[in-house]
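Architecture at a glance
Here are the chains, one letter per residue:
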Amino acid sequence: MALDGITETIAHFVGTFELTIEQARLRDQYEEFSALRRKAEIDGLDEPTSIHIKADLDIPAGEYKALPFNFLPSQPELPLPKAPVGPVHEAVIILNGDSAESARFVPDSISGPSSAPELIILRPDTVPLGSAMTFTVQKVVMRDNDTVGEGDFRDTEALIAQGEEMLEMALSLHAVAAPSLSLADYKSTEMLEALAQQMTAPANANIDGVTVHQFHGDDALGVIVNGKYVDDAPVWTDILPAFHQPEEAGEDEAESMLPAEWDQSKDPDFDDGHLVVTGGNLAINAVSASVGWVDAPYIAVGGQAISLTAISQVALVSDWDVGAPGTGSGTNVIQSSKIEVEGRDAPWLDNGAGTTGQPEFIVVDWVHGDLVVANFVKQVIDGTDIDNIQTEISAASTLYALGDNEMFNVTDIVQLGSFYDLIMIDGNMISVDMLYQTNVLMDDDIISGGMPGAMAGDDDNVIMNDASVKTIGEDTHQGLQQNLSNAMALDQTDMDALENALLNDPLFAGMEQMRVLKIDGDLLQVNIVEQVTMMLDQDQIDLSGPSAADTEVVAGSNALLNSVNLTKMGVDSTVMAADGSYSDLLLHQASLIDVPDNQEITDMTNEAIAAIMADMSVPQPDAALALHAQSTDTTTPDDGLQSMLA
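From a predicted model like this one, the values you see are computed outputs, not experimental measurements. Within each chain, residue numbers correspond to sequence positions counted from 1 in written order. A pLDDT threshold of at least 70 governs which residues receive local features in this predicted model, and a stricter bar of 80 or more applies before side-chain atom pairs are shown or counted, although totals over entire chains, interfaces and linings include all residues. Computation of side-chain values: all heavy atoms of the structure, hydrogens and water removed.

Section: the layout of surface pockets
Of the pockets and cavities examined, the second largest pocket occupies roughly 940 Å³. Grid points spaced at 1 Å and placed over the protein atoms alone form the basis of the search, with a cavity being a set where a 1.4 Å probe fits but cannot get out and a pocket an open set showing protein on both sides within 12 Å along at least five of seven lines. Lining residues have an atom within 4 Å of a point. Lining the second largest pocket we find 38 residues, and of these Ser307, Thr471, Gly473, Asp475 and Lys568 sit closest to its centre. Tallied by class, residues from the lining of the second largest pocket come to 18 nonpolar, 13 polar and seven charged. Grid points are joined across faces, edges and corners, and a volume is the space filled by probe spheres set on the points. Ten residues, namely Ala, Val, Leu, Ile, Met, Phe, Trp, Tyr, Cys and Pro, are considered nonpolar, four, namely Asp, Glu, Lys and Arg, are considered charged, and the remaining ones, Gly among them, are considered polar.

Structure follows, in structure tokens:
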């Protein structure tokens, strides 16, 4: 029976629906079947499948021959570079391929000389056995001279040239010539005599306005700040400008349990208000050295016992600020020295027991030649932050960060060796410590517009030379006893005679055993540190616009530090020198702070400021002549900053 059109359509729909349902049912059954089959295939596999490969690797005899191989011929020994024609510490090591090539020195504003010394790469066998020597040269050169806007600005190159002449002036104010970085100079008796002569008659600059404080011998002991004895030395973190002081957390911030970066109540880049930073630089040279290489309660010296310690500190500041009343910053100069000697008995000696027995056995360490423990450190920071800005302050908030630079040179040395009961030195016992610190700051600013003062109302600069020498173990001197003199004449072939002489010496009664260090040459203990910091922060600021008067200007707030902490660790010693003992201690503090009598100068022009530094021509002292010449005064009343003090 034929169906009508509507009935046929319904029949097709019902059939299609049943087929679709059946396909879905069959699909579920197939997937279940496939899963059960895969499970049955892997149920019996307890371990991973192993693949075994069988190969016949037997090589018939005589059928194959080894590949030919020859070692490359050894390379000939490369010659050492030529001796330097200038100061070794101004050279640079350049590694190129398999060899170390001598490097050429590129003169700059700090070094001065135009020579090109070549650095000698020392072989390991050039350092005496048992010795310790370090050479450290660190240098930071920064040029952050920014110009924003257009105006009648001072010439930056001319200001840098004036700063270099100012550094030369500062170097001429030291009591003695710059220390040599050659170990041979401190081994030479003639050189040591020249250094001792310079310390006895140190140079005094003949320049009006230079303040010099000098202390000799025991007078230099203690804490001395700017030429005065004080109880405690100033702490660097306490005297930092307000700009560099850490911000104290407020009550809301301290009590908040959420991270500070989650607080989006303020713009993360700009705070409210207006700020122009052209100063705020931080420069630090820091050296810490702890040396305890060899020492003994008894030291016998066949030659002389020489001990020289010199601390020379120089600070030179030019701070001429031009602007409205209240404009500009001051400069705090601090030169601090702390020299102390602390007694310490050898802890292994029981001097109070009253025993009289002689040692039962002896151990002798023999050094054929010199024994050296020397540290040479030179740190230089040469920074210029000469900023020129002329702009209109009209935005809702403003920040110009043209300064706020940080420069660091840090050296930390620890040298620990062995203590003995007796040290026998056939030659001389030489100890030289020289700390040479130079700080130079030029902060001559011209400010028009803006609100003076740092964030805490203090925009003063702080420069500091800080030196500390602490000796643990006090030496007493006396003549060399004949029995020790006879024992020192014995060489290593007479070891039995040397042991018998020392074991039967009444000086060592009460010891259970003896540890002896025998040095055929000299004992040299040298620590030389030279630090130079120069910062040029001569800014010219011209602000205008509706918010210029509310703009905070940080043109000062520079912080410069040269710091040396030297600790020599030992025990109380009786030093017996056949040719006598000589020791000297010198502390030299020289400073020149040049500021106008009236800070409220409003009519000084750019030409007048340039004329202030026009007559600065003092020859740079040659570091290579550090110990060759007598101390002479190379300055005249017309040199350096004389014109600034008229």
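Here's the deal with the nonpolar core
In this description, a nonpolar core means a group of buried Ala, Val, Leu, Ile, Met, Phe, Trp, Tyr and Cys residues linked to one another through side-chain atoms lying within 4.5 Å. Burial classification: accessible surface area is computed with a 1.4 Å probe over protein chains only, and a residue below 20% of its type maximum counts as buried, one above 50% as exposed, and the rest as partly exposed. The biggest cluster of nonpolar side chains holds 24 residues, and the ones touching the most others in it are Leu183, Met199, Phe376, Val432, Met434, Val526 and Ile528. When residues of this core are traced back to their parent elements, those giving at least two are helix 3 (183-187), helix 4 (189-200), strand 11 (305-318), strand 14 (371-384), strand 19 (429-442) and strand 25 (523-536). Look past the residues within four positions of valine 432 in its chain and what remains in contact with it is Tyr186, Leu192, Leu195, Leu308, Gln525, Val526, Asn527 and Ile528. Counting 22 residues, the second-largest nonpolar core is a separate cluster that includes Ala300, Val364, Leu422 and Met495. Strands here mean DSSP runs of E at least two residues long; helices mean DSSP runs of H or I at least four residues long; both are numbered from the N terminus. Contacts: residue pairs with any heavy atoms within 4.5 Å of one another.

Topic: the pattern of salt bridges
Pairs can form between side chains of opposite charge whenever their charged atoms are close. Salt bridges, as used here, are contacts in which a Lys or Arg side-chain nitrogen is within 4 Å of a carboxyl oxygen on Asp or Glu. The final tally for this structure, using the stated rule, is nine salt bridges. Between aspartate 433 and lysine 568 there is a salt bridge; the shortest N-O distance is 2.5 Å. Of the two residues, aspartate 433 sits in strand 19 while lysine 568 sits in strand 28 (residues 559-569), which places them 135 residues apart along the sequence. By the burial criterion, aspartate 433 is buried, and lysine 568 matches it.

A few points about the sheet that holds strand 26 (residues 540-544)
On the basis of which strands lie adjacent, the open sheet formed by four strands has the order 4-15-26-20 and parallel pairing. For this open sheet the edge positions go to strand 4 (147-148) and strand 20 (446-448), each flanked by a neighbour on one side alone. Here a strand pair is declared whenever DSSP counts at least two bridges between the two strands.

Quick word on a nonpolar patch on the surface
Together, Ile6, Ile10, Phe13 and Val14 make up a nonpolar patch on the protein surface, roughly 430 Å² of accessible area in all. Looking at the secondary structure, you find isoleucine 10 in helix 1 (residues 5-42). Exposure above 30% relative accessible area and the absence of a salt bridge qualify a residue for a patch, where like charges join within 9 Å and nonpolar side chains (Val, Leu, Ile, Met, Phe, Trp, Tyr) within 5 Å. The accessible surface values rely on the Shrake-Rupley method and a 1.4 Å probe; as for residues, cover is taken only from the protein chains in view.

Digging into the sheet that holds strand 5 (residues 211-216)
Read from one edge to the other, the open sheet built from seven strands follows the order 3-14-25-19-11-30-5, with strand pairing classed as mixed. Here the strands that pair on one side only, and so sit at the sheet edges, are strand 3 (132-143) and strand 5. Averaged over all neighbouring strand pairs, the angle between strand axes comes to 5°, with direction disregarded. Where strand 5 meets strand 30 (residues 581-594), six bridges bridge the pair, whose relative direction is antiparallel. For threonine 211, the partnering residue across the bridge sits in strand 30 and is serine 591. Angles shown run from 0 to 180 degrees and are taken between the N-to-C directions of axes, each axis being a line fitted to C-alpha atoms and, for helices, limited to the stretch in contact. Against the sheet, helix 2 (residues 156-171) makes contact with strand 11, strand 14, strand 19 and strand 25, and its axis sits at roughly 145° relative to strand 19, the strand it touches most.

Description of the side chain of aspartate 505
Structurally, the position occupied by aspartate 505 is in the loop between helix 8 (495-503) and strand 24 (513-519). Residues scored as positive are Lys and Arg, those scored as negative are Asp and Glu, and His as well as the terminal groups of each chain are ignored. One buried charged side chain, aspartate 505, makes no salt bridge at all; its nearest oppositely charged neighbour is lysine 518, positioned 14 Å away. Leaving out residues up to four positions away in the same chain, aspartate 505 has contacts with Gln358, Asn483 and Leu484.

Considerations on empty space enclosed by the protein
Going through the model one piece at a time under the given rule, you end up with three cavities of 30 Å³ or more. In this structure, the largest cavity spans a volume of roughly 70 Å³. Around the largest cavity, the lining residues are Val287, Ala289, Asn375, Val377, Ile413, Leu435, Asn527, Ile528, Val529, Val564, Asn565 and Leu566. The set of elements that each furnish at least two residues to the lining of the largest cavity consists of strand 9 (282-295), strand 14, strand 25 and strand 28. Looking at the lining of the largest cavity residue by residue, the class counts come to nine nonpolar, three polar and no charged.

Considerations on the packing of aromatic side chains
Side-chain rings of Phe, Tyr and Trp, where Trp is taken by its six-membered ring, are said to pair if the distance between their centres is within 6.5 Å; with planes under 30 degrees apart they count as stacked, over 60 as edge-to-face, and otherwise as tilted. Summed over all chains, the structure comprises five aromatic pairs. For the ring pair phenylalanine 135 and phenylalanine 376, a centre distance of 4.8 Å and an interplane angle of 10° mean the geometry is stacked. Taken together, the positions of phenylalanine 135 in strand 3 and phenylalanine 376 in strand 14 put the pair 241 residues apart, joining distant regions of the chain. On the accessibility criterion, phenylalanine 135 (48% relative accessible area) is partly exposed. The class of phenylalanine 376 is buried, set by a relative accessible area of 1%. Where tyrosine 186 meets phenylalanine 376, the ring centres are 6.2 Å apart and the plane angle is 40°; that geometry is what we call tilted. In this pair, tyrosine 186 is assigned in helix 3 and phenylalanine 376 in strand 14, connecting sequence segments 190 residues apart. Across the pair, phenylalanine 376 and tyrosine 186 agree in class, each one buried. Taken together, the ring pairs connect Phe135, Tyr186 and Phe376 into an aromatic cluster. Criterion for a charge above a ring: Arg CZ or Lys NZ at most 6 Å from the ring centre, at most 35 degrees from the ring normal. Over the ring of tryptophan 348 we find arginine 515; its NZ or CZ atom is 5.2 Å from the centre of that ring.

Topic: the environment of isoleucine 299
Its place among the elements puts isoleucine 299 in strand 10 (residues 298-301). Classification of isoleucine 299 as buried rests on a relative accessible area of 3%. Taking the C-alpha atoms as reference points, isoleucine 299 and histidine 477, 178 residues apart in sequence, are found 9.6 Å from one another. Every residue in contact with isoleucine 299, bar those within four places of it in the chain, is listed here: Ile423, Ile425, Met429, Ser573, Thr574, Val575 and Met576.

Observations concerning unusual backbone geometry
Backbone phi values are negative for most residues with the exception of glycine, while trans is the configuration of most peptide bonds. Positive phi, close to 50°, is recorded for asparagine 226, a residue that is not glycine. Relative to the assigned elements, asparagine 226 resides in the loop between strand 6 (222-225) and strand 7 (228-230). Of note in the backbone geometry, serine 557 takes a positive phi value of approximately 60° without being a glycine.

Observations concerning helix 2
Residue count minus one, scaled by 1.5 Å, sets the expected span of a helix. Along its 16 residues, helix 2 runs 23 Å from first to last C-alpha, staying within 8% of the 22 Å computed at 1.5 Å per residue. Among the residues of helix 2, Thr156, Leu159, Ile160, Gln162, Gly163, Met166, Leu167, Met169, Ala170 and Leu171 are the ones counted as buried.

Here's the deal with the environment of leucine 502
Here leucine 502 shows up in helix 8. Along the sequence, leucine 502 and alanine 487 sit 15 residues apart, while their C-alpha atoms lie 7.4 Å from each other. Discounting chain neighbours no more than four positions away, the residues touching leucine 502 are Ile362, Leu422, Met424, Leu484, Ala487, Phe508, Met514 and Val516.

Structural notes on the pairing of strand 24
Of all seven residues making up strand 24, five are buried, and the element is well covered by its neighbours. Bridge count between strand 13 (residues 361-367) and strand 24: seven bridges; the pairing is parallel. The partner of tryptophan 366 across the bridge, within strand 24, is lysine 518. In this structure, strand 18 (residues 422-425) lies alongside strand 24, joined through four bridges in parallel fashion. Along strand 24, the bridge assignment pairs isoleucine 423 with leucine 517.

Any functional reading would require information beyond the geometric quantities listed.
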